[in-house]
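Okay, here's what each chain looks like letter by letter:
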Amino acid sequence: MERNLIDSQIKGVSTGTTILAVTFNGGVIIGSDSRASIGGYYVSSKTINKLIQVHDRIFCCIAGSLADAQAVTKAAKFQISFHSIQMESPPLVKAAASVLKELCYNNKEELQAGFITAGWDRKKGPQVYTVALGGMLLSQPFTIGGSGSTYIYGYADAKYKPDMSKEECLQFATNALALAMGRDNVSGGVAHLVVITEEGVEHIVIPGDKLPKFHDE
Amino acid sequence: KMLDDSLEPGWLSEEVKTGTTIIAIEFDGGVVLGSDSRVSAGETVVNRVMNKLSLLHDKIYCALSGSAADAQTIAEMVNYQLDVHSIEVGEDPQVRSAATLVKNISYKYKEELSAHLIVAGWDKRGGGQVYVTLNGLLSRQPFAVGGSGSSYVYGFVDAEYRKAMSKEDCQQFVVNTLSLAMSRDGSSGGVAYLVTIDEKGAEEKCILGNELPTFYDQ
């Protein structure tokens, strides 16, 4: 069975993880599991929050080395607030994603973390950006990441539809996270979901026993 | 992978693997097996139309994955052993017997071999059955996926599988799964081969690349 080898070879605390972000009609949902592990055999935290708010309507989620990710998001949060003060308006999601991309690309030798940035802005509405390990920035209607994402590529390809309603999108994201957590041993715990729209931000937590169950459970 | 500086093409030195996505599922009265058709040696595709569904007996097939040579050899050996066995008992062999023969070879030579075969078929005692023989274990399952492409479709099969699907539903399920895996796994591709086995016999089918189901981004 193939694994996302990058994640499982990280030393120290890694988020070995499942993260995703999906746009729907009017907003975007960003979600993750809550497990942090060391070496793939010890769960160092069952309830870690991997969804970091970098601005009012912009969140990012982290995969890879937890230390790297926290350092980068802290720096990014600062740069984005400063940028937003200078421009006297809320930052564009693309700007936030760019900040993360610059940090990842310029420090690509030392860092081992990937990011998904999702949010809503006045110019382009809901957007999802992914910053890969080496610093590539890509905009997509939805994206999945982390070690657990390998197992849900097929599900996500088959089930994603553009312009879903908020409820359909929530169901899609919850199912995808539940399926990945069911197959990846370094993903688990509770499912964190954040719904971002023009109106505001809603944080939903689904405990393990309330996640959707599938045929063999 | 790093840029290849050598002057030789990869297929001269790399091991030939079936990369692959294979799947088998039972329904009431039979089984459906499916596979892609790509055989790679490193980065080269050395055969784009290989049928990885190999006959072990009239109503028992196996799906090959892993090292192409190892998988083919195991299938040939078991085909021979099953022929001898079925003459000795005077009737068609059970699927479990075929799976046990595959498991015996996989387990005994587990250090030297690197192939995974999924065995599926129909017999009058147990109806349709699917067995996995990964690393030398023997386990019956309602459905099984294997090969490098299977990682990408675990979520899909977990979500879509329902008990008591009809024969046509199973065929559609297999084709959808193969199509999704082939579009994500670099080592799987080409055409899809399907074999449906029931009391009446085995029916082979080939679905060309452009006839496979497509999903939103294709």
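Residues numbered from 1 in each chain as written. Chains lettered and ligands numbered in written order. Predicted model: local features only at pLDDT ≥ 70, side-chain atom pairs only at ≥ 80, totals over all residues. Heavy atoms only, no water.

## Considering the UniProt feature "active site" (unreviewed entry) in chain A
Mapped onto the present numbering, the UniProt feature "active site" (unreviewed entry) falls at Thr17(A). Of note, Thr17(A) is situated in the loop between β1 (13–14) and β2 (19–24). (UniProt positions renumbered as here; feature names shortened; annotations may be inferred. Helix = DSSP H or I, 4+ residues; strand = E, 2+ residues; numbered from the N terminus.)

## Quick word on the packing of aromatic side chains
Aromatic ring pairs are described here by two measures, namely the spacing of the ring centres and the angle between the planes. Counted under the stated rule, the structure contains ten aromatic pairs over all chains. Note on Phe143(B) and Tyr161(B): the rings are 4.7 Å apart at their centroids and 40° apart in plane angle, and the pair reads as tilted. In this pair, Phe143(B) is assigned in strand β11 (residues 143–146) and Tyr161(B) in the loop between α3 (150–160) and α4 (167–184), connecting sequence segments 18 residues apart. Residues Phe143(B) and Tyr161(B) agree in their burial class; the two are buried. Of the aromatic side chains, those joined through ring pairs into one cluster are Phe142(A), Tyr155(A), Tyr160(A) and Phe172(A). (Phe/Tyr/Trp six-rings, centres within 6.5 Å; stacked < 30°, edge-to-face > 60°. Buried < 20%, exposed > 50% of the residue type's maximum accessible area, 1.4 Å probe, protein only.)

## Focus: the UniProt feature "active site" (unreviewed entry) in chain B
All names here are of chain B. Under the present numbering, the feature "active site" (unreviewed entry) in UniProt falls on Thr-20. Considering the arrangement of structural elements, one finds Thr-20 in the loop between β1 (16–17) and β2 (22–27). By relative accessible area, which is 0% here, Thr-20 ends up buried.

## Points about the sheet that holds β2(B)
Residue and element names in this part refer to chain B. A sheet is described by the order of its strands in space; here five strands give the open sequence β11-β2-β3-β12-β13, paired in antiparallel fashion. Each edge of the open sheet is held by one strand with a lone partner, namely β11 and β13 (201–207). Strand-to-strand twist of the sheet, defined as the mean angle between neighbouring strand axes without regard to direction, takes the value 10°. Here strand β12 (residues 192–198) runs beside β13; their pairing, made up of seven bridges, is antiparallel. Looking at the pairing, Leu-194 lines up with Lys-205 of β13. Relative to β2, α4 is tilted by about 165°, and along the sheet it contacts β2, β3 (30–35), β12 and β13. (Pairing = 2+ DSSP bridges. Axes fitted to C-alpha atoms, helices over the stretch in contact; angles between N-to-C directions. Contact = heavy atoms within 4.5 Å.)

## Notes on the nonpolar core
With 54 residues, the main nonpolar core has Val22(A), Ile29(A), Leu193(A) and Ile25(B) as its most contacted residues. No other element matches the ten residues that helix α5 (residues 166–183) of chain A contributes to this core. Here Ile29(A) is in contact with Leu20(A), Ala21(A), Val22(A), Phe24(A), Lys166(A), Cys169(A), Leu170(A), Ala173(A), Leu193(A), Val194(A) and Val195(A), once residues within four sequence places are set aside. Residues Ile48(A), Ile62(A), Ala69(A) and Phe115(A) belong to the second largest nonpolar core, which totals 23 residues. (Core = buried A, V, L, I, M, F, W, Y, C linked by side-chain atoms within 4.5 Å.)

## Observations regarding the side chain of Asp158(B)
With respect to the element layout, Asp158(B) can be found in helix α3. Reaching out from Asp158(B), the side chain makes a polar contact with the side chain of Arg183(A) at a distance of 2.9 Å. (Polar contact = N/O pair within 3.5 Å; in protein donor to acceptor, adjacent residues only side chain to side chain.)

## Some thoughts on a nonpolar patch on the surface
Residue and element names in this part refer to chain B. On the surface, Trp-11, Leu-12, Val-16 and Val-46 cluster together into a nonpolar patch covering about 360 Å² of accessible area. Tracing the chain through its elements places Val-16 in strand β1. For Val-16, a relative accessible area of 35% corresponds to the partly exposed category. (Patch = residues over 30% accessible without salt bridge, like charges linked within 9 Å, V, L, I, M, F, W, Y side chains within 5 Å. Areas by Shrake-Rupley, 256 points an atom, 1.4 Å probe, with all protein chains shown as cover. Salt bridge = Lys/Arg side-chain N within 4 Å of Asp/Glu carboxyl O.)

## What about helix α1 (residues 68–89) of chain B?
Residue and element names in this part refer to chain B. The terminal C-alpha atoms of α1 lie 31 Å apart, and with 22 residues this matches the ideal 32 Å at 1.5 Å per residue to within 8%. Within the sequence span of α1, burial applies to Ala-68, Asp-70, Ala-71, Ile-74, Ala-75, Val-78, Leu-82 and Ser-86. Burial along α1 is one-sided: seen end-on, the buried residues are contained in an arc of 150°. Structural note: α1 exposes Glu-76, Tyr-80, Ile-87 and Glu-88 on the side pointing more than 90 degrees away from its buried face. (Expected span 1.5 Å × (residues − 1). Arc of directions from axis to C-beta.)

## Regarding unusual backbone geometry
Notably, Asp163(A) is not glycine yet its phi reads approximately 60°, a positive angle. Inspection of the secondary structure puts Asp163(A) in the loop between α4 (153–159) and α5. The class for Asp163(A) is exposed, based on a relative accessible area of 62%. Even without being a glycine, Asn135(B) presents a positive backbone phi close to 60°. One can find Asn135(B) in the loop between β9 (127–132) and β10 (139–140).

## Describing α5(A)
For α5(A), with 18 residues, the first-to-last C-alpha span of 26 Å sits near the 26 Å given by 1.5 Å per residue. Looking at the packing, one finds that the buried side of α5(A) touches β2, β3 (27–32), α4, β12 (191–197) and β13 (201–206) of chain A together with α3 of chain B.

## Quick look at the interface of chain A and chain B
At the junction of the two partners, chain A supplies 19 residues and chain B supplies 19 residues. Interface of chain A and chain B: buried area, both sides summed, is about 1,800 Å²; carbon and sulfur atoms make up 62% of it. Counting the surface chain A buries against chain B, the share from its top three residues, Asp157(A), Arg183(A) and His215(A), is 33%. Joining chain A to chain B, the criterion identifies three salt bridges. With its nearest N and O atoms 2.9 Å apart, the salt bridge here joins Glu160(B) to Lys159(A). For the pair chain A and chain B, the number of links is six residue pairs in polar contact (both at pLDDT 80 or more). (Buried area = accessible area lost by both parts, 1.4 Å probe.)

## Here's the deal with the packing of α1(B) against helix α2 (residues 95–108) of chain B
All names here are of chain B. Following both chains from N to C, one finds α1 and α2 inclined at 135°, their axes separated by 10 Å at the closest point. Classified by the interaxial angle, the pair formed by α1 and α2 is oblique. Once α1 is placed against α2, the crossing between them reads as right-handed. Here Ile-74, Met-77, Val-78, Gln-81, Leu-82 and His-85 of α1 lie close against α2, whose contacting residues are Ser-97, Ala-98, Leu-101, Val-102, Ile-105 and Ser-106. Taken together, the residues of the contact of α1 with α2 break down into eight nonpolar, four polar and no charged. (Parallel < 35°, antiparallel > 145°, perpendicular 65-115°, else oblique. Left-handed = near helix turned anticlockwise from the far one by under 90°. Nonpolar A, V, L, I, M, F, W, Y, C, P; charged D, E, K, R; others polar.)

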